[in-house]
Every structure is written in C-alpha cells, then in structure tokens.
2 protein chains.
Amino acid sequence: MSNGETGEQREGSIAHRVPDLGALELLLAVARLGSLGAAARELGITQPAASSRIRSMERQLGVALVDRSPRGSRLTDSGALVTDWARRVVEAAAAFDAGAQALRHRRDSRLRVAASMTIAEYLLPGWLLALRSQRPDTAVSLLAGNSTTVAEQLLSDEADLGFVEGLSVPPGLDSTVIAHDHLIVVTAPTHPWARRRRPVPAEELASTPLILREKGSGTRQVLDAALGGLARPLIELSSTTAVKASAVSGAGPAVLSELAVGEELSMRRLVRIPVEGVSLARDLRAVWPTGHRPTGPARELLSLTRG
Amino acid sequence: MSNGETGEQREGSIAHRVPDLGALELLLAVARLGSLGAAARELGITQPAASSRIRSMERQLGVALVDRSPRGSRLTDSGALVTDWARRVVEAAAAFDAGAQALRHRRDSRLRVAASMTIAEYLLPGWLLALRSQRPDTAVSLLAGNSTTVAEQLLSDEADLGFVEGLSVPPGLDSTVIAHDHLIVVTAPTHPWARRRRPVPAEELASTPLILREKGSGTRQVLDAALGGLARPLIELSSTTAVKASAVSGAGPAVLSELAVGEELSMRRLVRIPVEGVSLARDLRAVWPTGHRPTGPARELLSLTRG
DNA sequence: TGGGGACATAAACTGGATTTATGAGCAACG
DNA sequence: CGTTGCTCATAAATCCAGTTTATGTCCCCA
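Everything quoted here is computed from the prediction, not taken from an experiment.

Caption draft 1: Main features of the confidence of the model for chain A. Mean pLDDT for chain A: 90, with 95% of residues reaching 70 or above. Note on residues 1-9 of chain A: pLDDT under 50 across the span, and 11 contacts to partners over four residues away in sequence or across chains.

Caption draft 2: Local environment of the nonpolar core. Grouped together as the largest cluster of nonpolar side chains are 145 residues, with contacts concentrated most on F96(A), F163(A), F96(B) and F163(B). In contact with F96(B), not counting residues within four places along its chain, are V18(A), P19(A), L24(A), L61(A), V82(A), W85(A), A86(A) and V89(A).

Caption draft 3: Expanded view of the protein's contact with DNA strand D. Close contacts around DNA strand D come from 21 residues, with T46(A), L36(B), S51(B), R55(B) and S73(B) the closest. R41(B) is positioned such that a nitrogen or oxygen atom in its side chain is 3.2 Å from a phosphate oxygen of DNA strand D. Q47(B) is positioned such that a nitrogen or oxygen atom in its side chain is 3.2 Å from a base nitrogen of DNA strand D. Elements represented by at least two residues in the surface near DNA strand D include exactly α3 (47-61) of chain A together with α2 (36-43), α3 (47-61), β1 (66-69) and β2 (72-75) of chain B.

Caption draft 4: Quick peek at the protein's contact with DNA strand C. In the vicinity of DNA strand C, 21 residues are found, and the nearest of them are S51(A), R55(A), R68(A), S73(A) and T46(B). When the atoms of DNA strand C within 4 Å of the protein are grouped by moiety, sugar and phosphate amount to 65% of the total. Between DNA strand C and the protein, one listed contact pairs a phosphate oxygen with a side-chain N or O atom of R55(A) at 2.7 Å. Measuring from a phosphate oxygen of DNA strand C, one finds a side-chain N or O atom of S73(A) at 2.6 Å.

Caption draft 5: Looking closely at unusual backbone geometry. Unusually for a residue other than glycine, D157(A) sits at a positive phi of about 55°. Tracing the backbone through its elements, the reader meets D157(A) in the loop between α7 (147-155) and β5 (161-164).

Caption draft 6: Representation of the pattern of salt bridges within the structure. Counted by the stated rule, this structure contains 38 salt bridges over all chains. R282(A) is paired through a salt bridge with D181(A); the nearest N and O atoms lie 2.9 Å apart. Residue R282(A) is located in strand β13 (residues 281-289), and its partner D181(A) is located in strand β6 (residues 173-187); the two are separated by 101 residues in the primary sequence. For the pair formed by R282(A) and D181(A), the shared burial category is buried. Across the pair K244(B) and E264(B) runs a salt bridge whose closest N-O atoms are separated by 3.4 Å. Here K244(B), found in helix α10 (residues 240-248), pairs with E264(B), found in helix α11 (residues 262-266); they are 20 residues apart in sequence, far enough to count as distant. Taken as a pair, K244(B) and E264(B) share a single burial class, namely buried. Within this structure, K215(A), R220(A), D224(A) and E236(A) form a network of salt bridges that share partners.

Caption draft 7: Geometry of the packing of aromatic side chains. Residue and element names in this part refer to chain A. Scanning all chains against the criterion turns up two aromatic pairs over all chains. Judged by centre distance (5.0 Å) and plane angle (45°), the rings of W127 and F163 are tilted. Placement of the pair is W127 in helix α6 (residues 124-134) and F163 in strand β5, with a sequence separation of 36 residues. Exposure class is identical for W127 and F163. Each is buried.

Caption draft 8: The arrangement of the relation of the copies chain A and chain B in detail. After a rotation of 180° and a shift along the axis of 0.0 Å, chain A superposes on chain B with an RMSD of 0.2 Å. Between the two chains, the operation in question is that of a two-fold axis. The rotation axis passes nearest to the C-alpha of V89(A) in chain A, at a distance of 2.9 Å. Most of the interface of chain A is mirrored in chain B, where 96% of its interface residues again form contacts.

Criteria and cut-off values
Residues numbered from 1 in each chain as written. Chains lettered and ligands numbered in written order. Predicted model: local features only at pLDDT ≥ 70, side-chain atom pairs only at ≥ 80, totals over all residues. Heavy atoms only, no water. pLDDT = per-residue confidence, 0-100. Contact = heavy atoms within 4.5 Å. Core = buried A, V, L, I, M, F, W, Y, C linked by side-chain atoms within 4.5 Å. Buried < 20%, exposed > 50% of the residue type's maximum accessible area, 1.4 Å probe, protein only. Near = heavy atom within 4 Å. Polar contact = N/O pair within 3.5 Å; in protein donor to acceptor, adjacent residues only side chain to side chain. Helix = DSSP H or I, 4+ residues; strand = E, 2+ residues; numbered from the N terminus. Salt bridge = Lys/Arg side-chain N within 4 Å of Asp/Glu carboxyl O. Phe/Tyr/Trp six-rings, centres within 6.5 Å; stacked < 30°, edge-to-face > 60°. Least-squares fit on C-alpha atoms with pLDDT ≥ 70 in both.

Below, the structure is given as structure tokens:
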C-alpha cells in the first residue's frame, strides 16, 4: 500500500481538496473578464482579496491557473481546463440554488408549481434557472409529490401549474406533452446481461428479479403496466438513488428513468440493456385545471419546457 | 419591479446562497447514514459541529431538511429533494477534484495520460473518478493538448496512454475506438432554424455563416472535411465555451460536439438542428505507441472507457 | 516623464465554524 | 425500574481563513 509520496492528504471529504464555490466563481469571472481586479469588482470584493483567493486556490491545487501580467490576467492551459471543470460545479450549484429558492417560498409566490418527483429532481431546476434568467422577478414556489398530490394541489388552487410523469392524466386536468421519457434497464458492467448481444425479451424481463422502486411509484406503475403487472422485485427501494446505488454495486438489473442515469451511463458505471417486446416509454406532461389555460408566469415557464 | 417580499438578498454570487461543499457533503452523509453523529464521525468532525452545520444550512435555505429524533435523523420530503440536488453538486466537485489531482503532474505518477481537449474536458474526469474507486493508489497525471501533442508525448515516452478525437490516428501509434462522438448543429430556440420542420441540407449548411472553433481545432477539422473545406465562419472562437455562449445568445448556428451541449439541450437553451447529407460523426480513440500495448494502470483505465 | 491600470504585499480586523464540556430525551435490557 | 447507550441540543472559548485598508511595483501609453 504505497503511501502518499508528496505529502498527499489521505483525507476523506473532497470539500478540503476542492476550492469553495466562491473561489470557483471568481475563477470563472477572471476567465471571462481577463482581469483579477475586474472580476473582484464584479463579485463585490476588493482586488487584494481576489488576488489572494486565486493564489490560495493555485496553492491548493498545485497548478498555476492564471498568467498575471501588469496588463491583465490570462488563464494558463491548465487553468482553462480547470475553469471548464469548475464551470460544471458552479452550474450544478446554480441549479441547486434555483431549486432551493423555489422550495422555500410558500404563499406569496407569483408562480406556484407542483411536480412529481422525477421531474422535480432532474428537470425543474434547469427550467427555473432559465426562467430566472428571463424573468428575474418571478418568485416561484415548488411542491413535489406524486401525480395524485399534484392534481390535488391544482384543483384546490394551491398550485398554478403542474408536471406529472404517469401514464394517464388525472381527471379534471388539461395537459400537454412536454417531453418523452423512457424507462431503461441497466446493470453494472460486470453483470452477465451486459455481455449479451441480443435484446432481452419481455418474458425474460418479467421473469427476472429486478431492482425496483416501491409499488405505487410512477416508475413502477409504468413498468407493471408494460409487463402486465408481472414485474418480479429482487429488492424494492424507495428512492431512485438507492436503486442506482444497488445496481452499480452489481446486485442485479434495475429499471429506471433514463433521466436518472445519464451520468452513470456515460462514465460506464452502468450499462444500458436493450429490451424487446415492451414499450417503456412514458410522456412527461404539464397539467392545469381544465379550462384554466396557463397565463403569465405559468405560460412563461411552460414555453421553456417545450421546443 | 416588485421588490423582494421576504427580505430577499438581491446579491450576485450564488456562493452566498448555496451551502458550501462541506455542508452538502455532510447532508449526503446524514441521508445515507440516518444520523447526524454518524455522519459527523465519517467526516471527521464532532457531532455538535455537524448539528450546527445542518442547522445553519436549514436557516440559510429556509427549509427544514432533517427530522431529528432521539433515535436518529431522517430527511424531510424537502430534504430528500435538496439532497438529490446537492448530490449533483458534490459529484461535479468530485470530478473536479479527480481532474485537478491529475493536472499537477508529478514525475512519479504511475500512469501518465495525454488527452485532447474535448476528452479531457468532458470525459476524463469521470474516468479518473472511476479509476480511483477501483485503484485508489494509482497516481495519474494528465497532459491536455491536441492530437499532435498527444502523439509527441506518447512517442517521447512522456505519456503512457493517449486519447484523441481527430479523424485519423497519428503515425506511429496504435489505437482502439472507445466511443463515438457527433458534431451537431445547434441554435438558440429563437433562431429561425429552430422552427424548421425539415433537416438542413449540406449545401445550405456550407453556405451559412456559422459560429465555429478556430481553424486547426479538432472540431473544425471534422467539419471542414465533411463539408469539403467550405465552412463559412460567422465568428471564430477559441474555446467551446465561447462558442456555446455565442450560440445561446442567438448570434447564429454553431457546430459543436454533442458532448459539450448535453446540459444546454436538456434545458432548452440550445436546440439541435437536424442536418442531412453530411456525416459529422467522429471516433474517439485511445492511442499508444505501436507495439506497446497498454498494461497495468493504463490497461485498467482503458477498460473503463469501453463497454 | 507622468498618469493610469493591474497585480503584490503587509498588517489589522472580523466573523463564522470548530471543539470542549455539558444536558436532556428516548429505548432496550437486565 | 434503574442503568447503559444511543441520539441530538446548547453554551462558551478558541481558532483560522478571508477580507479590508494602505501601500508598493511594474508596465504601457500619451
């Protein structure tokens, strides 16, 4: 077990190895503006503060990030790469912020949204971010639940616009399809199915124990319907995350929304298994009380979700 | 311009509105372990510190995240959602960390990788993360450049394994295809092309001024080859990010790797424009000096990049 | 050759997070 | 029915990291 050669910190927690969000944001500003001072001004700090922050980031990473000259600062090659990676962190943080803001407000919001879990988790933060950039003054509140609670919120006028992912539209609501989602079968790369050359037929899928969400979840409903109520659970878990983790660890094949596993597929922690003879497609819909066509901020948000 | 109703901070910088990475990491640990104290232990801090950190995060976000009981802590519904969003931030930070670690090249690294920009930017951090989870003791160093510099590194034995995205394999190297990439045409949703129903024919693409990377970049080479050297630049920019930003702002159609625009497409900041009559596909390849088949850590990494 | 922009350095300040040291609620077990 | 052991909360002292203020240096340009 070769120990750290250059005084490596063998700590857990990445938080000590990654600059904080403020520093990453500053780096992005420097990249964009080409000057430490200008970046500092934009973020409302003084120039020495920016200088020292960048410097300590360079010390922490062990890489020179910016070439300082008396005439401005440019990123080094490594700095450009680091900045690109940093941008992804900051974007994720911005999505977090947009979601969290919406979760806070309750009564006095101008736009009250109710969404089912998968949409709230994967899609909504992005939409809220886009909405904020177009209409910065729109205060949004978010309530997450399942299709039933979304319908209740809308019908009791506690929400202005809803998003659901089920098979059918709850009664009393009008809807429009905003996107298509597919449930997909995934396994760890080590699973035997990952080496198959031919798709898994429906009957085999139905007879194989699968890692599944609990009965009653939208995902499970679609799968049961597609297989004719036959899905055999190997384990039932109550969150998408738990299902993913279980599949990654090689426990067996899992069925999940493709929205949930983009990252895992692209870094090969999971492998998509083709299936034939079943349609696991489902529509993602925006919904509103029959007749009350969305207007104002609701219409605005709706238009962001479609091409 | 209705001002903030609930004492809203109209500040810039999201860093002040988003809990720091340590707090997000702590939240994930609490979610996983079901106890503040256990999470604190895992992260090497004391229980009161964890308690106060979570509490101040709840105060900052204005949302209750965990239900504390004398018998442990469970996430609230909102807390579960926040945790899912937090996970994405932490994962981006982990990728950042993996990349940054590799950038501070040290002579004594066990695996020296040279990669072209697109791969280094979008794919490599994920691979390094996966590699670290399998072989925690493998010290990796990364050198980013273009196809030519990658070849030079390999041939002068300054790198053990390379990744290139060009059309051809540099002489003196063996290679294997590890993935396929497509250049795609994108515009802002407001662009006239976004409303077309039929694909854009090759001739029209060739005769339309486009937002492009500079001549010499891998992306540009592929496009020029596909169009027969005819691509007409509207602007030439030196980074993928600049091209994206320009396209998002509506300046015109841009041509980019699909790897670069996943996020933008899914939140509709950009729209993919179908094209016909040109093949903009390109292979992503792992390369190594002819004969020197990758072994050890290099083989390990290579196997992570393929199905 | 002086002005202005951009970055560096030094010292004092400030605030938030951490630790240490407790207290209190609940459950299981003998 | 108390004891033990887990949980989380609170209070006070400590400590460190980032910031500001106040300069200094370098370079370009007029």
